[in-house]
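Chain and residue survey
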Amino acid sequence: MSENPVSQDHDAADAAQAEAIARYLESSRDLIDRLQSLREGVHDTLNEQFQIVAGDLEQLRAILGDAAIKLSSAFRVITTSAGQMRCALDEAAAADGSDPFVRLREITSEMTSTTGTTIQSLQFEDMASQLLAHVNHRLGALQQFSKEMSILNAGSNHLPPYLTEKELDAAFANLARHRDLLRNDVRKAVQQQSLDSGEIELF
Amino acid sequence: MSKTALVVDDSATMREMVSYTLKQAGFEPLTGGNGQEALDQLTGQAVDLIITDLNMPVMDGLSFIKAVRSRDEYKFVPILMLTTESQADMKAQGKAAGATGWLVKPFNPEMLLQVIGKVVPK
């Protein structure tokens, strides 16, 4: 121990400073651990929600697919029956020519016209399927992004140090790469907002 | 003698709707769920018209059109692209591949038949 009072003061000050630094490091460590836990919680929550949304989309796809199969089947039966009825009515009207037959021919004509609208509307299935596939793909990419970020977080678990400057640069580069992937991954093929018929161009 | 048309789309509903419309105009429709399936259908088969989707698994519409145009017997068969895509660059790619026309989904049956009337020789 130094006998110089000034030196003793310095030693005490150094010890106090060292203790303060230790306390600061301890509290920083605790804070970073809590932040780490928070980030993991965010990842787990995001993952849980992704899975719920993916499940809902799959359910929607199944319902739409089933509706399309049943509607297409009903459409086939109706149009076949309407065609047969029209032929029968044409023959009967040609032979008879009375008012009820004429009216029935008008009705079948209206049915034929409505068939066109039905054909146009039934195409919802194709567009809905493509949109669902696009959303599913995006969800998959987001899940991957979340997973990658989670791996990055796990790397900052060990003390000391939490992250070197090199690791931090790599983390930013990784983040940028995944952000670009998410932005440019898959082009959205369906821009339609309604079932109005689309444009036609002959080359 | 009825004319034959090949309908290529990965959506069963679309194949059904296009086939029904073509039957109304007297066509005998053949179908394929993607470009490769359609190419298999084409082997030794004379067709008067091809209507194809763009985005399909296994083989997409552009690759399919290029493969069709590479075969001498199908060089002049009208090919209509029927797709949800409407971007100019995609249309340009379709034209370059050998498509005769571009129709954006959903199609109206009457208008489709009008277009077919213009591109398929009587």
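Throughout this document, residue positions are counted from 1 along each chain, in the order its sequence is written. The lettering of chains begins at A and the numbering of ligands begins at 1, in the order of writing. Residues qualify for local features only when their pLDDT is at least 70, as the model is predicted, and side-chain atom pairs are given and counted only at 80 or more; totals for whole chains, interfaces and linings, by contrast, use all residues. In computing side-chain values, all of the structure's heavy atoms are included and hydrogens and water are not.

In the nomenclature of an unreviewed UniProt entry, chain B is known as Response regulator of Eiseniibacteriota bacterium.

Before going further, it helps to examine the overall build of chain A. A run of H or I in DSSP becomes a helix once it reaches four residues, and a run of E becomes a strand once it reaches two; helices and strands are each numbered from the N terminus. Within chain A, the secondary structure is distributed over four helices and one strand. Its helices and strands in sequence order give chain A the pattern α-α-α-α-β, from N to C terminus. Each residue is assigned to one of three classes by its accessible area relative to the maximum for its type, calculated with a 1.4 Å probe on protein chains only: buried under 20%, partly exposed between the two thresholds, exposed over 50%. Per-residue burial over chain A gives 21% buried out of 203 residues. A fraction of 81% describes how many contacts in chain A between residues 6 or more apart in sequence connect residues 24 or more apart. Per-residue and other accessible areas follow the Shrake-Rupley method at a 1.4 Å probe size, with only the shown protein chains counted as cover for residues. Carbon and sulfur atoms form 59% of the exposed surface of chain A, whose accessible area is close to 13,900 Å². Two residues qualify as a contact provided that any one of their heavy atoms is within 4.5 Å of a heavy atom in the partner residue.

Residue and element names in this part refer to chain B. A pair of strands is considered paired only if DSSP assigns at least 2 bridges between the two. Sheet topology places strand β1 (residues 3–8) next to strand β2 (residues 27–32); six bridges connect them, and they run parallel. Looking at β2, one finds that Thr-4 is bridged to Glu-28. In this view, the connection linking β1 to its parallel neighbour β2 by way of helix α1 (residues 12–24) has right-handed handedness. Here the term right-handed applies to a crossover when the path leading from its first strand over the helix to its second strand runs clockwise, the strands being oriented away from the viewer.

With that settled, consider the environment of Val120(B). Residue and element names in this part refer to chain B. Secondary-structure assignment places Val-120 in the segment after α5 (109–119). Residues Val-120 and Val-47 lie 73 residues apart in sequence; the distance between their C-alpha atoms is 11 Å. Other than its neighbours up to four places away in sequence, Val-120 contacts Lys-3, Phe-27, Asp-48, Leu-49 and Pro-78.

Residue and element names in this part refer to chain A. Secondary-structure assignment places Ser-146 in helix α3 (residues 124–155). Measuring from C-alpha to C-alpha, the distance between Ser-146 and Ile-52 comes to 15 Å, with 94 residues separating the pair along the chain. The contact partners of Ser-146, leaving out residues within four places of it in the chain, are His-43, Leu-46 and Phe-50.

The next thing to look at is the UniProt feature "domain: Response regulatory" (unreviewed entry) in chain B. UniProt positions are given in the numbering used here, feature names are shortened, and annotations may be inferred rather than shown by experiment. UniProt's entry tags residues 4–120 of chain B with the feature "domain: Response regulatory" (unreviewed entry), counted in the numbering of this structure. Regarding residues 4–120 of chain B, the helix share stands at 44% and the strand share at 21%, and the terminal C-alpha atoms are separated by 11 Å.

Residues and elements named next belong to chain B. Residue Pro-106 is bonded to the preceding Lys-105 through a cis peptide linkage, with omega at 0°. Within the element layout of this structure, Pro-106 appears in the loop between β5 (101–104) and α5. In the Ramachandran plot, Val-58 falls in the positive-phi region, its phi being about 65° despite a non-glycine side chain. By secondary structure assignment, the location of Val-58 is in the loop between β3 (49–52) and α3 (61–69).

With that out of the way, let us pick up empty space enclosed by the protein. Using only the protein atoms, space was sampled on a 1 Å grid; points where a 1.4 Å probe fits but cannot get out form cavities, open sets with protein on both sides within 12 Å along at least five of seven lines form pockets, and lining residues are those with an atom within 4 Å of a point. Grid points are joined across faces, edges and corners, and a volume is the space filled by probe spheres set on the points. Enumeration according to the criterion identifies two cavities of 30 Å³ or more in this entry. Space inside the largest cavity adds up to approximately 40 Å³. Around the largest cavity, the lining residues are Ser197(A), Gly198(A), Ile200(A), Leu103(B), Val104(B), Pro106(B), Phe107(B), Asn108(B), Met111(B) and Leu112(B). Elements with a contribution of two residues or more to the lining of the largest cavity: β5 and α5 of chain B. In terms of residue class, the lining of the largest cavity is built from seven nonpolar, three polar and no charged. Of the pockets and cavities examined, the second largest cavity occupies roughly 30 Å³. Lining of the second largest cavity is provided by Val7(B), Val8(B), Asp9(B), Val18(B), Ile51(B), Thr52(B), Asp53(B) and Leu82(B). Three categories are distinguished: nonpolar for Ala, Val, Leu, Ile, Met, Phe, Trp, Tyr, Cys and Pro, charged for Asp, Glu, Lys and Arg, and polar for the others, with Gly belonging to the last.

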